[in-house]
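Each chain, written out:
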Amino acid sequence: MKEISNSELAVLNILWESSPTSSNEVVKKLADSHEWHEKTVKTLLNRLVKKQAIGFQKQGRGYLYSPLINQGEYQIKESQSFVERMFSGRIAPLVAGFAKENKLSAEDVAELKTLLDNWQEEDSKKDSLNKGELSSDCQTTDTQTKEPKHD
């Protein structure tokens, strides 16, 4: 998928909240947070259609727009890209930066602890399974260890 600009993302966020949505509704919803003209919003909608991020269907004299990409999947992709570019793929420096600046709430810390605990539990299960496979792979029978007889 092509890159989505911050302006296009603002439009996409409206569509993730509520869709299908008319261009007039998108304009109204963005009027509170952005001072964009109607033509600007329609240009952004057209760009998103060309990028195949949103789709549309004709309704009367207008169009209804809906997202074609999943919000969660998009956020994961963008998060991974950001961490890779800014922190060489390491998350610890990112979290450390937030912690250092006191940008983590108690709720954030609790959520991170839960995520790490769950990850460690899953990782332990995988390790146990892998060790079980390795030990069964390493077992040999007597016939496998004996040298062949030469008569």
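Bear in mind that the values here come from a model prediction, so they are computed numbers and not experimental data. (Residues numbered from 1 in each chain as written. Predicted model: local features only at pLDDT ≥ 70, side-chain atom pairs only at ≥ 80, totals over all residues. Heavy atoms only, no water.)

Observations concerning the layout of surface pockets
What the largest pocket holds in volume is close to 490 Å³. With six residues, the single largest contributor to the lining of the largest pocket is helix 6 (residues 106-138). Grouping the constituent residues of the lining of the largest pocket by class yields ten nonpolar, two polar and two charged. As a volume, the second largest pocket reaches approximately 210 Å³. As for the second largest pocket, its lining consists of Ser22, Ser23, Asn24, Lys42, Asn46, Gln59, Arg61, Gly62, Tyr63, Leu64 and Tyr65. Elements with a minimum of two residues in the lining of the second largest pocket: helix 2 (23-31), helix 3 (38-50) and strand 3 (62-67). If you tally residues by element for the lining of the second largest pocket, the top one is strand 3, at four residues. In terms of residue class, the lining of the second largest pocket is made up of three nonpolar, six polar and two charged. (1 Å grid on protein atoms, 1.4 Å probe; cavity = no way out; pocket = protein on both sides within 12 Å on 5 of 7 lines; lining within 4 Å. Points joined across faces, edges and corners; volume = space filled by probe spheres on them. Helix = DSSP H or I, 4+ residues; strand = E, 2+ residues; numbered from the N terminus. Nonpolar A, V, L, I, M, F, W, Y, C, P; charged D, E, K, R; others polar.)

A few points about the packing of helix 1 (residues 6-17) against helix 2
Packing of helix 1 against helix 2 brings their axes to within 10 Å, and their N-to-C directions diverge by 110 degrees. Taken as axis vectors, helix 1 and helix 2 run roughly perpendicular relative to one another. For the pair helix 1 and helix 2, the crossing hand works out as right-handed. Contact residues: helix 1 offers Ala10, Val11, Ile14 and Leu15, while helix 2 offers Val26, Lys29 and Leu30. Of the residues assigned to the contact of helix 1 with helix 2, the class counts are six nonpolar, no polar and one charged. (Axes fitted to C-alpha atoms, helices over the stretch in contact; angles between N-to-C directions. Parallel < 35°, antiparallel > 145°, perpendicular 65-115°, else oblique. Left-handed = near helix turned anticlockwise from the far one by under 90°. Contact = heavy atoms within 4.5 Å.)

Regarding helix 3
Taking 1.5 Å per residue as the helical rise, helix 3 with its 13 residues ought to reach 18 Å, and the 19 Å between its terminal C-alpha atoms agrees with that figure. Looking only at helix 3, the buried set comprises Val41, Leu44, Leu45 and Leu48. For helix 3, the angular spread of buried residues about the axis comes to 100 degrees, placing them on one side. Every exposed residue of helix 3 that faces more than 90 degrees away from the buried side is listed here: Lys39 and Lys50. Buried residues belonging to helix 3 abut helix 1, helix 2, strand 2 (54-59) and strand 3. (Expected span 1.5 Å × (residues − 1). Buried < 20%, exposed > 50% of the residue type's maximum accessible area, 1.4 Å probe, protein only. Arc of directions from axis to C-beta.)

So, the side chain of Ser23
With respect to the helices and strands, the residue Ser23 is situated in helix 2. Setting aside anything within four residues of it in sequence, one finds Ser23 in contact with Lys42, Leu45, Tyr63 and Tyr65.

A few points about the pairing of strand 3
Relative to strand 3, strand 1 (residues 21-22) runs antiparallel, the two being bridged by two bridges. Pairing of Ser22 across the sheet is with Leu64, part of strand 3. Of the strand pairs in this sheet, strand 2 and strand 3 are connected by six bridges, and their pairing is antiparallel. The residue of strand 3 that forms the bridge with Gln57 is Leu64. (Pairing = 2+ DSSP bridges.)

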